[in-house]
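Secondary and tertiary structure notes
Chain residues, written in single-letter form:
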Amino acid sequence: MDVGPPSSARARVHPVWLGLLFFFSGALGLAYEVSWSRGLLLRLGSTASAAALVLGVFVAGLGLGARWSGRRIEREARPLRLYGYLEILAALWALLSLPLIDVLEGPYVAVASVLPAFLRPALRLLLAGIVVFPAAFLLGATLPAMVREAVSGTNQTGRRTAWLYGINTIGAVVGCLWAGFFGVEQFGVRGVLLIAAGVGVALGLVAWALSRPRTLPEREPTQAAPNALRPAMWLAFLCGFIGLGVEIVGFRILVFFLEGFTATFAAMLGVFIAGLGIGSLVLGPSLARTLKPARLLGVLLLFAGATLAFNLYVVVPSLEHWMHGIRAVSYTHLRAHETAMNI
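A quick note: this is a predicted structure, and the numbers were derived from the prediction, not measured.

**Notes on the overall build of the protein**
Helices and strands together make up the secondary structure of the protein, namely 11 helices and zero strands. Mapped from its N terminus to its C terminus, the protein presents α and β elements in the order α-α-α-α-α-α-α-α-α-α-α. Per-residue burial over the protein gives 37% buried out of 343 residues. Expressed as a percentage of contacts within the protein between residues at least 6 apart in sequence, the contacts between residues at least 24 apart total 85%. Within the structure as shown, the protein displays about 19100 Å² of accessible surface, and the carbon and sulfur contribution to it stands at 71%.

**Describing the pattern of salt bridges**
Summed over the entire model, instances satisfying the criterion amount to one salt bridge. Residues Asp102 and Arg190 are paired through a salt bridge, measuring 2.8 Å at the closest nitrogen-oxygen approach. Here Asp102 is found in helix H5 (residues 79–114), whereas its partner Arg190 is found in helix H8 (residues 157–210), with 88 residues between them in sequence.

**Let's talk about helix H6 (residues 120–140)**
In this model, H6 (21 residues) spans 28 Å end to end at C-alpha, consistent with the 30 Å of a helix rising 1.5 Å per residue. For H6, the principal kink sits at Val132 and spans about 45°; a proline, Pro134, occurs within the next four residues. Of all the positions in H6, only Leu123, Leu127, Ala128, Gly129, Val131, Val132, Ala135, Ala136, Leu138, Leu139 and Gly140 are classed as buried.

**A look at the layout of surface pockets**
Quantified by volume, the second largest pocket comes out at close to 160 Å³. Around the second largest pocket, the lining residues are Phe23, Phe24, Ala27, Leu28, Ala31, Val174, Gly175, Trp178, Ile195, Ala196 and Val199. Those elements that provide at least two residues to the lining of the second largest pocket are helix H2 (15–39) and H8. For the lining of the second largest pocket, a count of residues per class yields 10 nonpolar, one polar and no charged.

**Considerations on the packing of H5 against helix H7 (residues 142–150)**
Where H5 contacts H7, the axes come no closer than 8 Å and their chain directions differ by 155°. Comparing their axes, H7 and H5 come out roughly antiparallel. In this structure, H5 meets H7 at a crossing whose hand is left-handed. For the pair formed by H5 and H7, the contact residues are Pro79, Leu80, Tyr83, Leu86 and Glu87 on the first element and Thr142, Ala145, Met146, Arg148 and Glu149 on the second. Broken down by class, the residue content of the contact of H5 with H7 amounts to six nonpolar, one polar and three charged.

**Brief notes about the nonpolar core**
Judged by nonpolar contacts, the single largest core of 65 residues is most densely connected at Tyr32, Trp36, Leu44 and Leu80. Of all the secondary-structure elements, those providing two or more residues to this core are H2, helix H4 (48–70), H5, H6, H7, H8 and helix H10 (261–287). If one sorts the elements of this core by residue count, H8 sits on top with 14 residues. Aside from chain neighbours lying at most four places away, what touches Tyr32 is Ala91, Ala94, Leu139, Leu193, Ala196, Ala197 and Gly200.

**Considerations on the confidence of the model for the protein**
Across the protein, the average pLDDT comes to 77, with 72% of residues at 70 or higher. At the low end of the mean pLDDT range in the protein sits helix H1 (residues 7–10), at 43; at the high end sits H6, at 91. Every residue in residues 219–225 scores below 50 in pLDDT, and together they form three contacts with partners more than four places removed in sequence or on other chains.

**Structural notes on a nonpolar patch on the surface**
On the surface, Val16, Trp17, Leu20, Phe24, Leu177, Phe181, Phe182, Phe187, Ile195, Val199 and Val206 cluster together to form a nonpolar patch covering roughly 940 Å² of accessible area. Listed by contribution, the elements that provide at least two residues to the nonpolar patch are H2 and H8. If you tally residues by element for the nonpolar patch, the top one is H8, at seven residues. Tracing the sequence through the fold places Leu20 in helix H2. According to the relative accessible area criterion, Leu20 is partly exposed, its value standing at 41%.

**Brief notes about the environment of Leu92**
Tracing the sequence through the fold places Leu92 in helix H5. Separated by 109 residues in the primary sequence, Leu92 and Val201 place their C-alpha atoms 8.0 Å from one another.

The rules behind each value
- Residues numbered from 1 in each chain as written.
- Predicted model: local features only at pLDDT ≥ 70, side-chain atom pairs only at ≥ 80, totals over all residues.
- Heavy atoms only, no water.
- Helix = DSSP H or I, 4+ residues; strand = E, 2+ residues; numbered from the N terminus.
- Buried < 20%, exposed > 50% of the residue type's maximum accessible area, 1.4 Å probe, protein only.
- Contact = heavy atoms within 4.5 Å.
- Areas by Shrake-Rupley, 256 points an atom, 1.4 Å probe, with all protein chains shown as cover.
- Salt bridge = Lys/Arg side-chain N within 4 Å of Asp/Glu carboxyl O.
- Expected span 1.5 Å × (residues − 1).
- Bend = angle between axes of the 7 residues up to and from the residue.
- 1 Å grid on protein atoms, 1.4 Å probe; cavity = no way out; pocket = protein on both sides within 12 Å on 5 of 7 lines; lining within 4 Å.
- Points joined across faces, edges and corners; volume = space filled by probe spheres on them.
- Nonpolar A, V, L, I, M, F, W, Y, C, P; charged D, E, K, R; others polar.
- Axes fitted to C-alpha atoms, helices over the stretch in contact; angles between N-to-C directions.
- Parallel < 35°, antiparallel > 145°, perpendicular 65-115°, else oblique.
- Left-handed = near helix turned anticlockwise from the far one by under 90°.
- Core = buried A, V, L, I, M, F, W, Y, C linked by side-chain atoms within 4.5 Å.
- pLDDT = per-residue confidence, 0-100.
- Patch = residues over 30% accessible without salt bridge, like charges linked within 9 Å, V, L, I, M, F, W, Y side chains within 5 Å.

The following block contains the structure:
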């Protein structure tokens, strides 16, 4: 039986406000991430391994931040206020990140010049971790805070989490594509970080103003033993491993066909995150009610594997031919337009 605090004590913020806050939070997170990738480009190299390094540190920060926050959020009387603080702190770190890169560049180059080749990846990881990890950790901690604000009972947890995750990832797509295709070109990396950080501070202030004190629920006895949760955690780990691996391989393939490191990185990342968000919004609420989640997860993984096999053996071998055709048509139209303008 779902027993929560009295309705007068809950004083919940309207879901539309929560959706807007988390939509822009996702957009800011990926605008930061694209900017960091571009800002670290000359230090880490414009390769798929460098992109994977920054992306891996960013995602690790999100996961560890969510883990840290999730263990503490149940005793937080004003989760939306905590969310606001986290957004503001992440924005402030984003503002400091580029000056920090400039400060670290000299020591980084000096150490890299004398370090054995096999240890240089660890040095690159350290640089990316110092710049990217703190803000990513703070942003990851916002998810449990937002879920705690949005969920009023255990029977809503799955549906509300799927909805929030979907909204957040769709916002991430918007931020990623804006920064990768427009923001960095028009405003530069510093300009994008300044705009994103300003919006982040504004989000934090709005969340702080909307927050209301809530009655803390009584502690409930643990329903699932650690042994029952362990398979689910390993499956989640496997899904993340496969997903990010596929994304980096896709980036490695597309970089030979699309022009520009930043645009290619943003395109691949945006499409990948769009799939996550749409899947969560479309399938998440209904799948959260299933009585056999393990079986359903197996079916979804089989479909994902079949899709990957199709792309690997059918789409990728034909990609170069398709791209040559698209470019030929595009250049033909461009030359025809230039000829018409000259006439």
